[in-house]
2 protein chains.
Amino acid sequence: MDAVNHQFRLAARPRGMVGREHFDYVEEPVPELEEGQSLVEILYISLDPAMRGWMNEGRSYVPPVALGEVMRAATAGRVVESKSTKLAAGDYVSGWLGVQEYAVCDENAVSKVNTEAVPLPTYLGALGMPGITAYFGLLEVGAPKEGETVVVSAAAGAVGSVVGQIAKLKGCRVVGIAGGPEKCKWIVDELGFDAAIDYKSEDVGAALKQHCPAGVDVYFDNVGGDILDAALARLARGARVVICGAISQYNNLDAVKGPSNYMSLLVNRARMEGFVVVDYMSRAPEATREMAGWIADGRLVAREDVIEGFERFPDALVKLFAGENVGKLVLKVGEEE
Amino acid sequence: MDAVNHQFRLAARPRGMVGREHFDYVEEPVPELEEGQSLVEILYISLDPAMRGWMNEGRSYVPPVALGEVMRAATAGRVVESKSTKLAAGDYVSGWLGVQEYAVCDENAVSKVNTEAVPLPTYLGALGMPGITAYFGLLEVGAPKEGETVVVSAAAGAVGSVVGQIAKLKGCRVVGIAGGPEKCKWIVDELGFDAAIDYKSEDVGAALKQHCPAGVDVYFDNVGGDILDAALARLARGARVVICGAISQYNNLDAVKGPSNYMSLLVNRARMEGFVVVDYMSRAPEATREMAGWIADGRLVAREDVIEGFERFPDALVKLFAGENVGKLVLKVGEEE
């Protein structure tokens, strides 16, 4: 194969907001396959808040992306050539193939996916890492009980939109916090949330008081900052705060804003617990099987916000951190056949 | 009885540091007993960090002390007159009788204590609310396992000194954080902690790294602020942070300092959980029975730091928040016979 491969490689570690200047746009020949390998044409690249953390130096739950390395990303694509007995040309797959147009991969580095039941980009969203994060973070860490009140931030995002819908399926009252009227309308009208709070135009604390008269039993936090503090101030007795992310803090130049209201954990005998989805990957099939069923039944809405064009990867990342996506943000870089 | 009763009543709600000016010193006749009541001469008054919170207005785990009300306090004393069949003159008792010299109480408002086995003021310390707090907070919320590393702040205080000793009894490695060489020497030499960190002269983060090479499995926090942040930065995988108090923040004029390093909960799949000892009061006998046995065996050292003189109550409270006490701080206001 004589195709050219384009890549975004990490060029510099950002301080503050990530941008185009932190990546090198590189052109390379597509490498030759060795025995057992397959060549995947990447069709969709996932944009995830966690990417910002991977660009930092230092200890975290996964190693940072090295300078000069292809930027880490979840991807979905099609096998175009294979020297593996497990994969054949034409197979659709998902896996961690990075921000590039083609990837050579070992046969166990990707999973075959069924695009007849579910659209390919959904394997990066509701049936990918964000959905699995929502599923285990809510059900295992948040452990909501029927009739409880669940609040989720970044509620129109890839994780939050699934968290809220699963909480509804489990019989909870669900309140979503999102930015702007479009997202708020979507989560109530299309996803079935009981209420939405627009943090851009409302006082979140007052709105939580209004929409959660008996307090917040489970708060699933994707954002940190002032919204986490507002939720802590409204905890019910025995509440669980699930720390999934802190997108408001990832591009900070200043120190992270710690939750000033953390003593609410004491007053309300509540707990705040962090988790990392990689710990649940061995159980991922149980999550994706159940969620695929809900999608097929129409009980779980999976929506992707699609940006087209490989070279727009840095713009897409900026859009993600500006909170402009509704549903799972993906970059479309090629056409399905 | 013609005795005069002196009281400290809450005169004003402090903003910032508590002081003499927030109390009225009042003289009253001792009231007459009604049927079923007893008159207790208070001999020891407990000084507890929680008192500062009770002086604030607003929602917490117990109602605030009202302006004009006798300041709430745990006390130990002797029955001097009784119209109850459950209590007799000469009985030693403990209960929430407030900052005063005499109290008329209903027969179920106090508990009889045995001063032959254990000195009376210990019922305000290791066998009182602080000890019960330490016992359940550590064992139920922190849930340390043998061989784990337990770190406790305010380690020479009423709660911290018991937490560390129980953790040692359970086979843990124990590191205490305290202020000044005297306290640090005491917790290592007399209480058997494995190491002490003097936060007044050491870099707590660096010292935690040195003394907890495998990270911190249980951090029992009594102080909040920078020390909580330092401990969060050193958590081991699956750590439990027990939020018992935040004495560094109680007299703040500024907003509470939230823990900037709270995202360590995510990276380390850790949890931070608050608790209030009143929830465990129905199980208090199981704690005091076991701890009384440890005291009798010499396996648990109970130490009180005694200030004498009823009128010195405000000074004693200031001493508490200045962190000058070693062991349980009590005010001695009368003589045992």
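Preceding this paragraph is the structure being described.
If you're wondering where the values come from, they're calculated on a predicted model, not measured in any experiment.

Student: When you look at the overall build of chain A in this model, what are you seeing that I'm missing?
Tutor: The helix and strand inventory of chain A stands at nine helices and 15 strands. In terms of overall dimensions, chain A is globule-like: its C-alpha atoms have a radius of gyration of 20 Å, near the 20 Å expected for 337 residues. Each principal axis of the C-alpha atoms in chain A carries an extent, and together these give about 65 × 45 × 35 Å. Put simply, chain A has 337 residues, and 53% of those count as buried. Here the analysis covers contacts within chain A between residues at least 6 apart in sequence; of these, 66% occur between residues at least 24 apart.

Student: Looking at this structure, I do not really get helix α4 (residues 181-189) of chain A. What am I missing?
Tutor: Since the α-helix advances by 3.6 residues per turn, residues separated by three or four positions end up pointing in the same direction. Residue and element names in this part refer to chain A. Three or more residues of α4 are buried, namely Lys183, Cys184, Trp186 and Ile187. For α4, the angular spread of the buried residues around the axis is 160°, confining them to a single face. Of the residues in α4, the exposed ones pointing more than 90 degrees away from the buried face are Pro181, Glu182 and Asp189. Where α4 is buried, its residues touch α3 (158-169), β9 (173-178) and β10 (195-198).

Student: Sorry if this is basic, but what is going on with the interface of chain A and chain B here?
Tutor: The parts lose accessible area when they come together, and the size of an interface is often stated as this lost area. Counting residues at the interface gives 24 residues for chain A and 24 residues for chain B. Elements with a contribution of two residues or more to the side of chain A that touches chain B: α7 (264-267) and β13 (271-274) of chain A. In terms of residue count, the dominant contributor to the side of chain A that touches chain B is β13 of chain A (four residues). Class assignment of the residues belonging to the side of chain A that touches chain B gives a composition of 15 nonpolar, four polar and five charged.

Student: Teacher, can you tell me more about the relation of the copies chain A and chain B here?
Tutor: Here two copies of a chain appear, and what relates them is a rotation about an axis with a shift along it. With an axial shift of 0.0 Å and an RMSD of 0.0 Å, the rotation relating chain A to chain B amounts to 180°. The transformation relating the two chain copies, once decomposed into turn and shift, fits a two-fold axis. Closest approach to the rotation axis among the C-alpha atoms of chain A is made by glycine 258 of chain A, whose C-alpha sits 2.1 Å away. When the interface residues of chain A are mapped onto chain B, 100% of them again fall at the interface, so both copies present the same face.

So, how was this worked out
- Residue positions are given per chain, counting from 1 as you read along its sequence in written order.
- The naming scheme follows written order: chains are lettered A onward, ligands numbered 1 onward.
- pLDDT decides what is reported in this predicted model: residues at 70 or higher carry local features, side-chain atom pairs at 80 or more are listed and counted, and totals for whole chains, interfaces and linings draw on all residues regardless.
- In this description a helix means any DSSP run of H or I spanning at least four residues, a strand means any run of E spanning at least two, and both kinds are numbered starting from the N terminus.
- Values of the radius of gyration come from C-alpha atoms, whereas the globule rule sets the reference at 2.2 Å times the count of residues to the power 0.38.
- Exposure classification rests on a simple neighbour count of other C-beta atoms within 10 Å of a residue's own: a residue reaching 20 or more is buried, one at 12 or fewer is exposed, and one in between is partly exposed. C-beta atoms are placed from the backbone.
- Each residue is represented by a C-beta atom placed from its backbone, and any two residues with such atoms within 7 Å are regarded as in contact.
- The directions from the helix axis to the C-beta atoms form the arc being described.
- Residues are sorted three ways: Asp, Glu, Lys and Arg are charged, Ala, Val, Leu, Ile, Met, Phe, Trp, Tyr, Cys and Pro are nonpolar, and all the rest, Gly among them, are polar.
- Alignment of copies: least-squares fit on C-alpha atoms of residues with pLDDT of at least 70 in both copies.

Distances and angles like these do not, on their own, reveal function.
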